[in-house]
Amino acid sequence: MADGELVKKMLRAILQANKGGVSLSRLQSEYKELSGEQIPHKQMGHNHLDALLASMPSVIRMERNRSGEVCVFSTANIAKVVARQRSSKKTGRPHLVNTQMRVKPAAPLVLNGKILDNHLVPLANKRMTLPSRFHKEVHAHLSRNSQQTGPPLNLNESHGSGKGKPYNPQQVQGRIREILGKYSNGFWVSKLPQIYRELYKQDLPTEAIKDLETWTHICTVEKTCSSNPSELLLYPRPPAAHLTRSGSRSPRSPPSSSSSPSPPSSPATLTPDLKLKLEELLVKYSNGLWAHALPKLFQDTYKTKLPGHVLENLHLLSDICTIDYPMPDNPKRAILYKRSSTGGGGGEDENCNRRNSSTSEEELRVRQELGRRLSNHAVPSLQIPKEEYPSVLVVEATNTNGVILRYIGEGYSQAQESMEDEMREFYGLDQSSPTPLSSPSSGQLVAVRAEEEEEILRAQVCEVMAEKVKVYYVDHGFSEVISKTKVFELHEKFFKLPFQATKCKLAGLEPFCQEPAVLKKFETMASGRILLAEILERGQTPLVVLYDTSQDDDVNINAACMKALQDKTLASPLQVNSAYMNVTVSSVCSDGTIYCQLPSRGLAKLNEILENIETYFHSQVTSEFLVSRPFCGKGCLARYKGKWSRVEITNLHGSRVLDILFIDVGVQASVEVIELREIPPLFLRDLIAIPPQAVKCCLADLAVSVGSWTPDAVQWLREKVLNITDCSMKVAKVDETKRCIYVHLFTDKNFHDPARSLNHQMAQSDLFKQQPDVFLTSHRFLLLHTHLCFCLTVYLMALSGPKGGNNMDVYVSVACHPGHFVLQPWRDMYKLVVLMGEMILYYNKTEEKPLNIEKNQIYAAKVENNWHRVLVKGVLTNGLVSVYELDYGKHELVSCTQLRPLIKEFRQLPFQGITAQLAGVKPRQWSEEASIVFRNHVEKKPLVAQLEAIQEATNPWDRKLTVFLVDTSQEERDIWVHDIMAEFADELTNEL
């Protein structure tokens, strides 16, 4: 097949899977996911991507949406196939904007639906055979849901009043209260349908699950440390009578998949003062605190030792916290969770964002009159999107604590566009259209004809003048003075959609919310652009971090605005052909990059401030400076060589483990959140003004580029320059694009003689010669801990039984096609998250050592920012190693320097990745289109797997299951994936 035809085929497959269209950037992203490379528009003779797409009218149609972005649609007429690609209940996949976040989510488990714990609803133990009308029903159902972009009903009312069968809320609430009485420590929301069915012999109404968060008078719903907001925990509402002296309520903790070890008995007790201090720490770390970290944290915070009997008698803390044992074989690795302090009236603030739309006192006053004037036509409050990373259009900001924006996606911008289309038709220019308002009043909601004479927008009257009125466009977030002839009465049917213009607060910029430099930077980078918003805190004004994902690398807008406060005169001075003495090489990275500190005013001032902070912290006995809400780009303090140093958070692994960069020495590290401290307000402004003092450098005139250094070369350079404070260097070149300085480095002051430079010495040595490949062996793998095989075998055999057909809850981590995908057992997912956090902390602190890497052996490998348990499949001569992730089922290429021995502690949990194939379909060579359809239905989703057969093998990773996959997330029916794939194959064959 010619290259052009292959590109068309792949583009057609992507667009068939996105009936509502995709943005150019998302098209590029999905094409790369499918093919491993960008769309080759230049190779096909087009300077720009849109030019290539315009040359394919038989495949592609391009339009510009109201947000100004170009969207791409399929022109193919395969309606039945397309209907199956759109699930109305997918979250986190807005279609018409550039919103794909390339930063990996904090937790490795991102779930997009609910799991019903081995129970298929409504089926029991038989497979559902879909009748011949399947095509028509599914097409009608999915098309109806995927095309429903009109304005939703009152978003303030109960979800139960919307789509779904009616039910008796009082009866369901009473039963849930009884269930919570039996499970006072809480349980996963996904388990509620099973418990409800077992107790009351009825199915729990699906709408009731959606309404749980609003029933704050009987229960409390809480997010876990997972990055997915759909994974929730359910607890009884803490009664006020159970409050302790310090304000704690009844205990809560995530349910553990294993029973807790019995605590040792002891007559010891805790003093009220000690309990109060421990509770303060638990409040700071609401996502949990490792028990083993308590002694050091307590000592650092309160300048006194934690009594030794506390860790030996954790049950003494049961009245202020609950205890979880995620590693039951190691009872010392317990996690402590604070008790609930959630009141009954906070439900509205968590999920509702009523826009304070005015930008002046006058507009605020008239907004407050609105409720009185509108009588029965109340406008519902705007709900914050459920996904953690919604897309937003930034309107403007005169204060970073009140950035005006609009949410993008179904139910928001799409509903607004639909409403405005309807308004344009209703207020048309023909004679039957409504007449202008004769006397608009301040505070009144009206329809306004925009200056272009084409758009009709909702607005609120702010001020009435002689011939004009000042209005605020409630869906677009700005004000305008217009003629009275353009103002009409707003019909009641246009009151149903919440006002779309809303506000958010930028995290980390609160002390500098009105700084001109910050606002100017924000205006340049964000205003009028569609960005991705990470919601850190939900409330009336949500706390967010904004990202620009339109470039190759995601740009953290909050961090960029903070950097606008830096005083450039305090940066390290650098000029080409200039020499600098008394240079300190603070870091040598494994790729050959080095970081240097040069004498400067900024460095002197930095050291002075950090010394003052050391003294200040020694005098403070408070938990005020503990970091309780970490986020990427946040600046704070951490210990480096025994002293406090500035750091920036670069990545989060769940809620307790994170990666940081010491910005003044160029050293990266992984730490627990308890090791971080907030910068005291007294020193914040002065410290923020100093640019990072670590200068990124590369050695000039070397034949080997950065990234191709051998371990021997890195080690040689480290031995030569680290811990030496009187190096000297000469600048050869400044590369602004890579933000790197190319230098000649000397360990003395003889920088006039190039032959004495370390560059010259390395170029003349054999340090960069690659070692020959001597590790391509095929030793038979000897499993050191046979219980890894045994545990998995027992688990699978228990599921299969003599007849097979049993169900298990699974998560599909990888889906290539129906003949090959990887499952993870649902029940051990929490343990895997904990294990990976422990591996990050352990291996990121260990030094790189020479390792004899052998094929078919198990190691720990660093893949991107995480450490995985891997099986080595092959060792290449260029220093790369082919590995297979045993817990996730992915194949990766990593550098041999990124492998470490897998210690015994990390071999206890059985490998979680189980290879499988789909039952109910004939084995075949699956096409690219079929593979895309399959992935869209199963990958990164929790499903129910019905076990059909087990193909045995010596090693656990070589076993293969044959399973039926069932999606139970839809209310109307259970979706059997094999039926969809069989019909897809038949339809595609008929069309061809």
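For the structure itself, consult the block above.
Scope of this entry: the structure provided in the associated data block. (Residues numbered from 1 in each chain as written. Predicted model: local features only at pLDDT ≥ 70, side-chain atom pairs only at ≥ 80, totals over all residues. Heavy atoms only, no water.)

Pairing within the open sheet is antiparallel, and its three strands lie in the order β1-β3-β2. Taken across any chain shown, the strands that pair with only one partner, and hence form the sheet edges, are β1 (22–23) and β2 (60–64). (Pairing = 2+ DSSP bridges. Helix = DSSP H or I, 4+ residues; strand = E, 2+ residues; numbered from the N terminus.)

Right, let's get into the pairing of strand β8 (residues 321–324). Burial along β8 is two-sided: the residues Cys321 and Ile323 and Thr322 and Asp324 are all buried. Across four bridges, the pairing between β8 and strand β9 (residues 335–338) is antiparallel. Looking at the pairing, Thr322 lines up with Tyr337 of β9. (Buried < 20%, exposed > 50% of the residue type's maximum accessible area, 1.4 Å probe, protein only.)

Next up on the list: the state of the cysteines. Considering all chains together, one arrives at zero disulfides under this definition. For the unlinked cysteine Cys697, the closest cysteine sulfur is that of Cys596, found at 4.0 Å. Classification of Cys697 as buried rests on a relative accessible area of 0%. (Disulfide = S-S within 2.5 Å.)

This next bit is on the packing of helix α9 (residues 272–284) against helix α10 (residues 294–302). Two elements in contact, α9 and α10, have axes whose closest approach is 11 Å; the angle formed by their N-to-C orientations is 100°. In this view, α9 runs roughly perpendicular relative to α10, as classed from their interaxial angle. Across the interface between the two elements, Leu274, Lys277, Leu278, Glu280 and Leu281 from α9 touch Leu294, Leu297, Phe298, Thr301 and Tyr302 from α10. Considered class by class, the residues forming the contact of α9 with α10 number seven nonpolar, one polar and two charged. (Axes fitted to C-alpha atoms, helices over the stretch in contact; angles between N-to-C directions. Parallel < 35°, antiparallel > 145°, perpendicular 65-115°, else oblique. Contact = heavy atoms within 4.5 Å. Nonpolar A, V, L, I, M, F, W, Y, C, P; charged D, E, K, R; others polar.)

So, about helix α18 (residues 601–619). Along its 19 residues, α18 runs 28 Å from first to last C-alpha, staying within 8% of the 27 Å computed at 1.5 Å per residue. Taken together, the buried positions of α18 are occupied by Gly602, Leu603, Leu606, Ile609, Leu610, Ile613, Glu614 and Phe617. Projected down its long axis, α18 shows its buried positions confined to an angular sector of 150°, all on one face. Facing away from the buried side of α18, by more than 90 degrees, are the exposed residues Arg601, Glu611, Thr615, His618 and Ser619. Buried residues in α18 make contact with β22 (594–597), β23 (635–640), β24 (643–653) and α19 (681–688). (Expected span 1.5 Å × (residues − 1). Arc of directions from axis to C-beta.)

Under the definition given, this model contains 20 aromatic pairs. Both rings, one in Tyr842 and one in Tyr843, keep their centres 4.9 Å apart while their planes meet at 85°; by these two values the pair is edge-to-face. Here Tyr843 falls in the buried class, since its relative accessible area comes to 2%. One aromatic cluster in this structure is built from Tyr616, Phe617, Phe625, Trp644 and Phe683. The ring of Tyr742 carries Lys733 above its face, with NZ or CZ at 4.6 Å from the centroid. Across the ring face of Trp926, the terminal group of Arg924 is positioned such that the distance to the ring centre comes to 4.8 Å. (Phe/Tyr/Trp six-rings, centres within 6.5 Å; stacked < 30°, edge-to-face > 60°. Lys NZ or Arg CZ within 6 Å of the ring centre and 35° of its normal.)

Moving on to the packing of α18 against α19. For the pair α18 and α19, interaxial distance at closest approach is 11 Å and the crossing angle is 165°. Looking at the two axes, α18 sits roughly antiparallel to α19. By crossing handedness, the relation of α18 to α19 is classed as left-handed. Note on element contacts: α19 touches α18 through Leu682, Phe683, Asp686 and Leu687, opposite Leu606, Ile609, Asn612, Ile613 and Tyr616. (Left-handed = near helix turned anticlockwise from the far one by under 90°.)

Our focus in this paragraph is helix α7 (residues 192–200). Among the residues of α7, those classed as buried are Leu192, Pro193, Gln194, Ile195, Tyr196 and Tyr200. Here the buried face of α7 lies against α6 (169–182), β4 (187–188), α8 (206–211) and β6 (232–236). Looking one or two residues past α7, Lys201 carries a phi angle of roughly 55°, positive in sign.

Across soluble globular proteins, nonpolar side chains show a tendency to be buried alongside one another. Judged by nonpolar contacts, the single largest core of 52 residues is most densely connected at Leu278, Leu317, Leu336, Leu658, Ile660 and Leu676. Split by domain, this core shows at least three residues from each of two domains, domain 3 (274–338) and domain 5 (560–764). Leaving out residues up to four positions away in the same chain, Leu676 has contacts with Phe625, Leu626, Val627, Cys636, Leu637, Ala638, Val647, Ile649, Leu658, Ile660 and Val671. Counting residues in each nonpolar core, the second largest holds 43 residues, with Val392, Leu606, Leu637 and Ile688 among its members. (Core = buried A, V, L, I, M, F, W, Y, C linked by side-chain atoms within 4.5 Å. Domains from an automatic or database assignment.)

All right, on to the environment of Glu678 then. Assignment of secondary structure puts Glu678 in the loop between β26 (667–672) and α19. With relative accessibility at 22%, the residue Glu678 sits in the partly exposed group. With 41 residues separating them along the chain, Glu678 and Leu637 place their C-alpha atoms 6.2 Å apart. Those residues within four positions of Glu678 in sequence are excluded, and the remaining contacts are Phe617, Phe625, Leu626, Val627, Lys634 and Leu637.

Let us look at the side chain of Arg900. With respect to the helices and strands, Arg900 occurs in strand β36 (residues 899–901). A polar side-chain atom of Arg900 sits 2.8 Å from the main-chain carbonyl oxygen of Thr897. Not counting chain neighbours up to four residues away, the residues in contact with Arg900 comprise Tyr843, Thr846, Glu847, Glu848, Leu851, Tyr859, Ala860 and Trp867. (Polar contact = N/O pair within 3.5 Å; in protein donor to acceptor, adjacent residues only side chain to side chain.)

As a further point, take unusual backbone geometry. You will see that Lys303, though not glycine, has its phi angle at about 60°, which is positive. One can find Lys303 in the loop between α10 and α11 (309–312). Lys303 sits in the partly exposed class, given a relative accessible area of 34%. Even without being a glycine, Asn577 presents a positive backbone phi close to 70°.

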